[in-house]
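What the coordinates show
For reference, the chains in residue letters:
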Amino acid sequence: MSNAVVIDHPLIQHKLALLRDKDTGPKEFRELANEIATLMAYEVTRDLPLKEVEIETPIKKAKFKMIEGKKLGIVPILRAGLGMLDGVLKLIPTARVGHVGLYRDPETLEAVEYYCKMPTDVSERDLIVVDPMLATGGSASAAISFVKEKDPRSIKLMCLVSAQVGIDRVKKDHPDVEIYTAAIDEKLNDHAYIVPGLGDAGDRLYGTR
Ligand SMILES: O=c1ccn([C@@H]2O[C@H](COP(=O)(O)O)[C@@H](O)[C@H]2O)c(=O)[nH]1
Ligand SMILES: O=P(O)(O)OP(=O)(O)O
Ligand SMILES: [Mg+2]
């Protein structure tokens, strides 16, 4: 049982296959990650509440629907989450942005926090936490815990590639958080990298290592 919403539109699957290719360099990797994030954000925001408004077209006045002034926030988990930020902002340009800095200790695999800066009015906002990879779930779970200390209205988690174990961990720690992913891969390897995955998303985005 996946417990996550898998957004597997053909355009997303196509771009994700290119993203996974080891020969895709940082420039194209960044473009693809943002394009997929834009397409996913379309689905993640599907439940945004609408309000009725009166608009005068060149023909007549009529009632239409517009998004109710809902306050959104996007929270990339540094560094890799930054690779999805512009893609989400393209669709929701008025969203505020919070940052959570975490790295995964290669020995313990535990998430280590080094930065957290949230919008001041986060308690009035619905947040979308973004990270391309959900492996053990330690980073996402820790990030969500930090963010929860600021008392946001709601939190969704959006990832590109997930492992079932990571989904289970986040759901166990944060049953209230809805998870969206473009793919659920087979398993983790001995270093807790997703298999087949795409490698280290941060390194591939920025050409490090
Ligand atoms: O295949 C992978 C697995 C992980 N990452 C990076 O690690 C964290 C997520 O790992 P957790 O074990 O879920 O904490 C994520 O932020 C990625 O930056 C990766 O790039 N590739
Ligand atoms: O989760 P990590 O350790 O891979 O961090 P980064 O996103 O900086 O690569
Ligand atoms: Mg990394």
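Per chain, the residues get numbers from 1 upward, laid out in the order the sequence is written. Written order decides the labels, with chains lettered from A and ligands numbered from 1. For a predicted model such as this one, the threshold for reporting local features is a pLDDT of at least 70, and the threshold for listing and counting side-chain atom pairs is 80 or more; totals across whole chains, interfaces and linings nevertheless cover every residue. For the side-chain quantities, the full set of heavy atoms in the structure was used; hydrogens and water were omitted.

The protein has the name Uracil phosphoribosyltransferase in an unreviewed UniProt entry, where Iocasia fonsfrigidae is given as its organism. UniProt positions are given in the numbering used here, feature names are shortened, and annotations may be inferred rather than shown by experiment. Note on the protein: under the UniProt heading Sequence similarities (unreviewed entry), the record states "Belongs to the UPRTase family." Its UniProt record gives the protein a comment under Function (unreviewed entry), which states: "Catalyzes the conversion of uracil and 5-phospho-alpha-D-ribose 1-diphosphate (PRPP) to UMP and diphosphate."

Given 3.6 residues to a turn, an α-helix orients residues that are three or four positions apart in the same direction. With 19 residues, helix α2 (residues 26–44) extends 26 Å between its outermost C-alpha atoms, agreeing within 8% with the 27 Å of an ideal straight helix rising 1.5 Å per residue. Each residue is assigned to one of three classes by its accessible area relative to the maximum for its type, calculated with a 1.4 Å probe on protein chains only: buried under 20%, partly exposed between the two thresholds, exposed over 50%. Helix and strand definitions here come from DSSP, where helices need a minimum of 4 consecutive H or I residues and strands a minimum of 2 consecutive E residues; each element is numbered from the N-terminal end. Here α2 has its buried residues at Phe29, Leu32, Ala33, Asn34, Ile36, Ala37, Thr38, Met40, Ala41 and Val44. In this description, contact between two residues means that some pair of their heavy atoms is separated by no more than 4.5 Å. Residues of α2 that are buried in the fold lie against α1 (10–20), α3 (82–91), β8 (126–130), β10 (154–163), β11 (178–185) and α6 (201–206). To estimate the expected span of a helix, subtract one from its residue number and multiply by 1.5 Å.

Note on definitions. A residue lies near a molecule or strand when any single heavy atom of the residue is within 4 Å of it. In the vicinity of ligand 1 there are 16 residues, among which Arg104, Asp131, Thr136, Ser139 and Ala201 approach most closely. The definition of a polar contact used here is a pair of N or O atoms within 3.5 Å, where within protein one atom must be able to donate a hydrogen and the other to accept one, and adjacent residues in sequence count solely through side-chain atom pairs. At 2.6 Å from an oxygen atom of ligand 1 is found a side-chain nitrogen or oxygen belonging to serine 139. Within the backbone of isoleucine 194, a nitrogen or oxygen atom sits 2.9 Å from an oxygen atom of ligand 1. Taken by itself ligand 1 offers 460 Å² of open surface, and the protein chains cover 93% of this. Both cavities and pockets are sets of points on a 1 Å grid over the protein atoms alone; in a cavity a 1.4 Å probe fits but cannot get out, in a pocket the set is open with protein on both sides within 12 Å along at least five of seven lines, and lining residues sit with an atom within 4 Å of a point. Pocket occupancy is defined atom-wise: a molecule lies in a cavity or pocket when more than half of its atoms are within 2 Å of its grid points. Among the detected pockets, ligand 1 sits in the largest pocket. Surface accessibility in these figures is a Shrake-Rupley result with a 1.4 Å probe; residues are shielded only by whichever protein chains are displayed.

Mapped onto the elements of the fold, aspartate 203 is located in helix α6. At 3.2 Å, the side chain of aspartate 203 and the side chain of arginine 79 are in polar contact.

This part covers the site of ligand 2. All residues adjacent to ligand 2 are Leu78, Arg79, Ala80, Leu102, Tyr103, Arg104, Asp200 and Gly202. Here an oxygen atom of ligand 2 and a side-chain polar atom of aspartate 200 are 3.2 Å apart. Expressed as a share of its isolated accessible area of 280 Å², the protein-covered part of ligand 2 is 77%. Cavity membership is defined here by more than half of the atoms lying within 2 Å of grid points; on that basis ligand 2 lies in the largest pocket. Ranked by residue count, the leading element in the shell around ligand 2 is strand β6 (residues 99–104), at three residues. Polar here means any residue other than Ala, Val, Leu, Ile, Met, Phe, Trp, Tyr, Cys and Pro, which are nonpolar, and Asp, Glu, Lys and Arg, which are charged; Gly is therefore polar. Partitioning the shell around ligand 2 into residue classes produces four nonpolar, one polar and three charged.

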